[in-house]
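Tertiary structure, described
Chain residues, written in single-letter form:
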Amino acid sequence: MTRHFLTLKDLSPSELIALIHRAIALKQDPMGSQTTDLLHLRTMVLIFEKSSTRTRISFEVACAHLGGSSVFLSPTDSQMSRGESISDTARIVSRMADLIVMRTGEHSRLSTMAEHSAVPVINALSQDFHPCQLLADLQTFFEHRGDIQGACVAFVGDGSSNVCQSWVNAATMMNFELRVGAPGGYHPRAELVSSAGKHCSLTTRPQDAVAGADLVLTDTWAGMGQEAEKAQRLDALADFQVNEDLMATASPDALFMHCLPAYRGQEVSAEVLEGPQSVVWDEAENRLHAQKALIELLMA
Ligand code: CP
Ligand code: NVA
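A short tour of the structure in this document, coming up.

Conventions adopted
Residues numbered from 1 in each chain as written. Chains lettered and ligands numbered in written order. Predicted model: local features only at pLDDT ≥ 70, side-chain atom pairs only at ≥ 80, totals over all residues. Heavy atoms only, no water. Salt bridge = Lys/Arg side-chain N within 4 Å of Asp/Glu carboxyl O. Buried < 20%, exposed > 50% of the residue type's maximum accessible area, 1.4 Å probe, protein only. Near = heavy atom within 4 Å. Polar contact = N/O pair within 3.5 Å; in protein donor to acceptor, adjacent residues only side chain to side chain. Areas by Shrake-Rupley, 256 points an atom, 1.4 Å probe, with all protein chains shown as cover. Nonpolar A, V, L, I, M, F, W, Y, C, P; charged D, E, K, R; others polar. Core = buried A, V, L, I, M, F, W, Y, C linked by side-chain atoms within 4.5 Å. Helix = DSSP H or I, 4+ residues; strand = E, 2+ residues; numbered from the N terminus. 1 Å grid on protein atoms, 1.4 Å probe; cavity = no way out; pocket = protein on both sides within 12 Å on 5 of 7 lines; lining within 4 Å. Sits in = over half its atoms within 2 Å of the grid points. Expected span 1.5 Å × (residues − 1). Bend = angle between axes of the 7 residues up to and from the residue.

Time to look at the pattern of salt bridges. Enumeration over the complete set of coordinates arrives at 14 salt bridges. Among the salt bridges present, the one from R189 reaches E191, with a minimum N-O distance of 2.7 Å. Residue R189 is classed as partly exposed on the basis of its relative accessible area, which comes to 32%. Under the relative-accessibility criterion, E191 is labelled partly exposed at 48%. D208 serves as the salt-bridge partner of R205, at 2.9 Å between the closest nitrogen and oxygen. For R205, a relative accessible area of 45% puts it in the partly exposed group. A relative accessible area of 39% means that D208 is categorised as partly exposed. One salt-bridge network, held together by shared partners, links D128, R189 and E191.

Once that is clear, we can look at the site of ligand 2. All residues in the neighbourhood of ligand 2 are listed as L125, N162, D219, T220, G223, M224 and L260. Side-chain polar atom of D219 to a nitrogen atom of ligand 2: 2.7 Å apart, as the coordinates give it. Protein contact buries 91% of the 270 Å² of open area that ligand 2 shows by itself. Grouping the amino acids of the shell around ligand 2 by side-chain chemistry returns three nonpolar, three polar and one charged.

Another point: the nonpolar core. Formed by 64 residues in total, the largest nonpolar core has its most connected members in I148, W167 and L178. Broken down by element, the residue count for this core peaks at eight residues, all from helix 6 (residues 162-174). Core analysis: the next-biggest nonpolar cluster, separate from the first, contains 20 residues, C152, A213, V216 and A262 among them.

Moving on, we come to the site of ligand 1. S52, T53, R54, T55, R103, H130, Q133, C259, L260 and R287 make up every residue found near ligand 1. One of the backbone N or O atoms of T53 is found 2.7 Å from an oxygen atom in ligand 1. Note that a nitrogen atom of ligand 1 is positioned 2.9 Å from one of the side-chain N or O atoms of Q133. Using a 2 Å cut-off from the grid points, one finds that ligand 1 occupies the largest pocket. Of the residues that constitute the shell around ligand 1, the class distribution is two nonpolar, five polar and three charged.

With 20 residues, helix 12 (residues 280-299) extends 29 Å from end C-alpha to end C-alpha; this agrees with the ideal 28 Å at 1.5 Å per step. Where helix 12 bends most, at N286, the angle is about 35 degrees. With 15 of its 20 residues buried, helix 12 lies for the most part within the structure.

Listed below in structure tokens is the structure:
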């Protein structure tokens, strides 16, 4: 059966833990004995309907390391922008390529692609979820602090972001506490929060989210597709910046993560982003290793 990766929950908790350990092993020896030629004579098609730096590079480099080739389609390059349906596109790509990596807006576009694709479809970001980011984030926590089980994680800022909503999924799967500090109207979707049960709590006070936390996270206040609401969002989220004062209330050895791109002076201060608790550069690099491990799992 074709396996897709549209949300973190497409993996079992034990597969997720194994994937993190595999990503850590691959990182030790990125081009060496750990790396197979799994994608030899195979092709990855990247369909990106939104901008990307990290995700595109990490997937294309991962594909090259695994011996495969990749084809990148931006909205202007494919017939999808001229009205060819996602379902027809999925069937065509499936006949020629071996893996589809798609970045899009509405999550349902990914579900439609997966429904009609005979090859694995990976969510490279949708409005609702960014599960590939979580693979790298979890790997980064494991590398710096060990198992995340039982840890206290604080997400401060736009709790409705795709990254935060993926952290809500991770909380149940990895058995840690997630506290989301966000203003009203910027919380993760209610059904996600309720499915996380005791693992996820909401507050409108950033200090309450961060108190004693082992990891503090944020994301841009105006994501891709939210440009028209930017002024309103910056105003609503102004008191939710992760800065040194807020970090001082976390555990003394707390880590700071951000999926990037970061907007210094908005969701995070330059001091925190560049400071000793920040692991954002490792986090970005780990996109490569974690996604290699994901490709192995889906293509094996
Ligand atoms: N974090 C992330 O997905 O970055 P890009 O938008 O640059 O791919
Ligand atoms: N929430 C951000 C993440 C970017 C990687 C966005 O969707 O733009």
